[in-house]
Amino acid sequence: GGAGDTDAVVPAKKKRGEKSAPKAAPTFPEESPKKRFCNLDKCGALVGYLLSKLTAVRHEDEDELMFSILPHRSAGSDVCYGPVSLVSATEVAKFAKILEEKGGATEDKISALFDDAASFPSVLGALCGVTKDRDFAYAKNHVIAFAAMLRHAVEHKCGLLLHFW
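Here's a quick rundown of the structure.

About the cut-offs
- Residues numbered from 1 in each chain as written.
- Predicted model: local features only at pLDDT ≥ 70, side-chain atom pairs only at ≥ 80, totals over all residues.
- Heavy atoms only, no water.
- Helix = DSSP H or I, 4+ residues; strand = E, 2+ residues; numbered from the N terminus.
- Buried < 20%, exposed > 50% of the residue type's maximum accessible area, 1.4 Å probe, protein only.
- Core = buried A, V, L, I, M, F, W, Y, C linked by side-chain atoms within 4.5 Å.
- Contact = heavy atoms within 4.5 Å.
- Salt bridge = Lys/Arg side-chain N within 4 Å of Asp/Glu carboxyl O.
- Arc of directions from axis to C-beta.
- Axes fitted to C-alpha atoms, helices over the stretch in contact; angles between N-to-C directions.
- Parallel < 35°, antiparallel > 145°, perpendicular 65-115°, else oblique.
- Left-handed = near helix turned anticlockwise from the far one by under 90°.
- Nonpolar A, V, L, I, M, F, W, Y, C, P; charged D, E, K, R; others polar.
- Expected span 1.5 Å × (residues − 1).

Let's talk about the overall build of the protein chain
Alright, step 1. A tally of helices and strands in the protein chain yields 5 helices and 5 strands.
Alright, step 2. Reading the protein chain from its N end, one meets helices and strands in the order β-β-α-α-β-β-α-α-α-β.
Alright, step 3. Across the 165 residues of the protein chain, 43% fall into the buried class.

Some remarks on the nonpolar core
Alright, step 1. By size, the foremost hydrophobic cluster in this structure holds 36 residues, and its most contacted members are Leu-50, Leu-51, Ile-110, Phe-114, Phe-146 and Leu-160.
Alright, step 2. Looking at this core, the elements that each hand over two or more residues are helix 1 (44–55), helix 3 (89–101), helix 4 (107–114), helix 5 (132–155) and strand 5 (160–164).
Alright, step 3. Ranked by the residues each element gives to this core, the list is headed by helix 5, at 10 residues.
Alright, step 4. For Leu-50, the contacting residues outside a window of four places in its chain are Ile-110, Leu-113, Phe-114, Phe-120, Ala-139 and Val-143.

Things to note about the pattern of salt bridges
Alright, step 1. According to the stated counting rule, one finds 5 salt bridges in the structure shown.
Alright, step 2. When the shortest N-O distance is used, the salt bridge between Glu-91 and Lys-94 registers 3.5 Å. Remark: Lys-94 and Glu-91 occur in helix 3; sequence separation between them is 3 residues, near one turn of the helix.
Alright, step 3. Judged by relative accessible area, Lys-94 falls into the partly exposed class, the value being 46%.
Alright, step 4. Of the charged contacts in the structure, one is a salt bridge between Lys-140 and Glu-107, with a shortest N-O distance of 3.8 Å. Of this pair, Lys-140 sits in helix 5 while Glu-107 is found in helix 4, placing the two residues 33 residues apart along the sequence.

A word on helix 4
Working note: α-helix, 3.6 residues per turn, so residues spaced by three or four point in the same direction.
Alright, step 1. Of all the positions in helix 4, only Ile-110, Ser-111 and Phe-114 are classed as buried. Looking straight down helix 4, one finds its buried side chains confined to an arc of 100°; they lie on one side.
Alright, step 2. Structurally, helix 4 contributes buried residues whose contacts are with helix 1 and helix 5.

Points about the packing of helix 4 against helix 5
Alright, step 1. It is the contact of helix 4 with helix 5, at a shortest axis distance of 10 Å, that shows an interaxial angle of 140°. One way to sum up the angle between helix 4 and helix 5 is to call them oblique. Between helix 4 and helix 5 lies a crossing of right-handed hand. Residues Glu-107, Ile-110, Ser-111 and Phe-114 of helix 4 touch helix 5, and the partners they reach there are Lys-132, Asp-135, Phe-136, Ala-139, Lys-140, Val-143 and Ile-144.
Alright, step 2. Looking at side-chain class alone, the contact of helix 4 with helix 5 contains 6 nonpolar, 1 polar and 4 charged residues.

Re unusual backbone geometry
Trans is the common state for peptide bonds, and a negative phi is the common state for residues other than glycine.
Alright, step 1. The phi angle at Ala-56 is positive, at roughly 65°, despite the residue not being glycine.
Alright, step 2. Phi at Lys-157 takes a positive value of approximately 55°, unusual for a residue other than glycine.
Alright, step 3. Mapped onto the elements of the fold, Lys-157 is located in the loop between helix 5 and strand 5.
Alright, step 4. Classification of Lys-157 as exposed rests on a relative accessible area of 71%.

Overview of helix 1
Alright, step 1. With 12 residues, helix 1 should cover 16 Å at 1.5 Å per step; its first-to-last C-alpha distance of 16 Å lies within 8% of that length.
Alright, step 2. Most of helix 1 is tucked away: 11 of the 12 residues are buried.
Alright, step 3. Taken together, the buried positions of helix 1 are Gly-44, Ala-45, Leu-46, Val-47, Gly-48, Tyr-49, Leu-50, Leu-51, Ser-52, Leu-54 and Thr-55.

Limitation: the analysis is restricted to geometry and does not speak to function.
Set out below in structure tokens:
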């Protein structure tokens with residue numbers, strides 16, 4: 001895997017005659033509970049691995065961690081590193097419920113996973129020899145952003161579109 005974009009499949013709606021709001025300053029994922037997309041920025045495999053640990057959802061393929069923990073179907077279009085994949089709203093809701101039941105994607109829970117970073121598989125994208133000092137903050141922000149996007153998708157009864165490039 002490489003960088004990954006994951007989008008909640010929901011159109012933005014604007015009322016007739018409504019002007020676009022001025023651009024707001026970027027926010028951190030913790031401040032953005034209604035995130036419509038998530039760019040995993042070369043962190044997709046690590047995010048998938050951490051989500052599998054947070055949820056206890058067994059990943060079957062360490063080369064395709066995100067695809068392995070989220071049941072999906074191919075949309076049939078190859079875009080650089082493989083096809084675009086669709087995750088149904090039902091599967092998104094199931095995974096989000098598991099994550100919530102396990103206590104969510106909190107900083108403390110993610111931090112605890114990094115206490116044993118030496119046991120992480122060596123297939124985590126461009127990250128080799130994952131360390132807490134170097135990789136925790138980066139990975140935490142991406143996991144929390146992904147969890148926020150999951151909540152948004154569930155709230156709107158949406159599936160996800162996954163692609164890697």
